[in-house]
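Inside the fold
Now for the letters of each chain:
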Amino acid sequence: MAKWIPGAAVFGLLCLMIIPAPGIWGVLIGAACVLAIVGSLCMLALDRVASAILAWRERVRARRLGRARAVRAGFGVIRKV
């Protein structure tokens, strides 16, 4: 979803508060604005959760493939982890 959609929906709701639309049209416009805001927030949350899961899977996969890191263990000694 585009980033300007929630802003446009908030602007639409503010316009409905200032200049109310009559009857069912006001309800429909308000419902469309609220659905756009809630939908974009859900998509943003889903995107962040999916990104976090993919980053976690990549870290697990990197460990599992055996990419060893050199760690200093003491005076002149290096061991693989």
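About the thresholds
Residues numbered from 1 in each chain as written. Predicted model: local features only at pLDDT ≥ 70, side-chain atom pairs only at ≥ 80, totals over all residues. Heavy atoms only, no water. Helix = DSSP H or I, 4+ residues; strand = E, 2+ residues; numbered from the N terminus. Buried < 20%, exposed > 50% of the residue type's maximum accessible area, 1.4 Å probe, protein only. Contact = heavy atoms within 4.5 Å. Areas by Shrake-Rupley, 256 points an atom, 1.4 Å probe, with all protein chains shown as cover. Axes fitted to C-alpha atoms, helices over the stretch in contact; angles between N-to-C directions. Parallel < 35°, antiparallel > 145°, perpendicular 65-115°, else oblique. Left-handed = near helix turned anticlockwise from the far one by under 90°. Expected span 1.5 Å × (residues − 1). pLDDT = per-residue confidence, 0-100. Salt bridge = Lys/Arg side-chain N within 4 Å of Asp/Glu carboxyl O.

1. Remarks on the overall build of the chain
Scanning the chain from N- to C-terminus turns up 2 helices and 2 strands. In the chain, the order of α-helices and β-strands from amino to carboxyl end is α-α-β-β. The buried share among the 81 residues of the chain stands at 11%. Pairs at least 24 apart in sequence give 34% of the contacts found in the chain among residues at least 6 apart. Accessible surface, the chain as shown: approximately 7000 Å² in total, 72% of it carbon and sulfur.

2. Remarks on the packing of helix H1 (residues 4-18) against helix H2 (residues 23-64)
Viewed as axis vectors pointing N to C, H1 and H2 meet at an angle of 150 degrees, and their least axial separation amounts to 9 Å. Our classification of the angle between H1 and H2 gives roughly antiparallel. Crossing geometry of H1 relative to H2 is assigned as left-handed. Residues Ile5, Pro6, Ala9, Val10, Gly12, Leu13 and Leu16 of H1 pack against Gly26, Ile29, Gly30, Cys33, Val34, Ala36, Ile37 and Ser40 of H2.

3. Topic: H1
Across its 15 residues, H1 extends 21 Å between first and last C-alpha, which sits within 8% of the 21 Å expected from 1.5 Å per residue. Buried residues along H1 sit in contact with H2.

4. Side note on H2
Along its 42 residues, H2 runs 61 Å from first to last C-alpha, staying within 8% of the 62 Å computed at 1.5 Å per residue. Within H2, the full set of buried residues consists of Gly26, Gly30, Cys33, Ala36, Ile37 and Ser40. Of the surrounding secondary structure, the elements contacted by the buried residues of H2 are H1.

5. A short note on the confidence of the model for the chain
A residue-level look at the chain finds 78% of positions with pLDDT of 70 or above and a mean pLDDT of 79. Mean pLDDT across the elements of the chain ranges from a minimum in strand E2 (residues 77-80), with 53, to a maximum in H2, with 87.

6. Digging into the pattern of salt bridges
Overall, the coordinates contain 1 salt bridge when judged by the stated rule. Arginine 61 is the salt-bridge partner of glutamate 58, the closest N and O atoms lying 4.0 Å from each other. Linking glutamate 58 with arginine 61, this pair stays in helix H2, spanning 3 residues, or about one helical turn.

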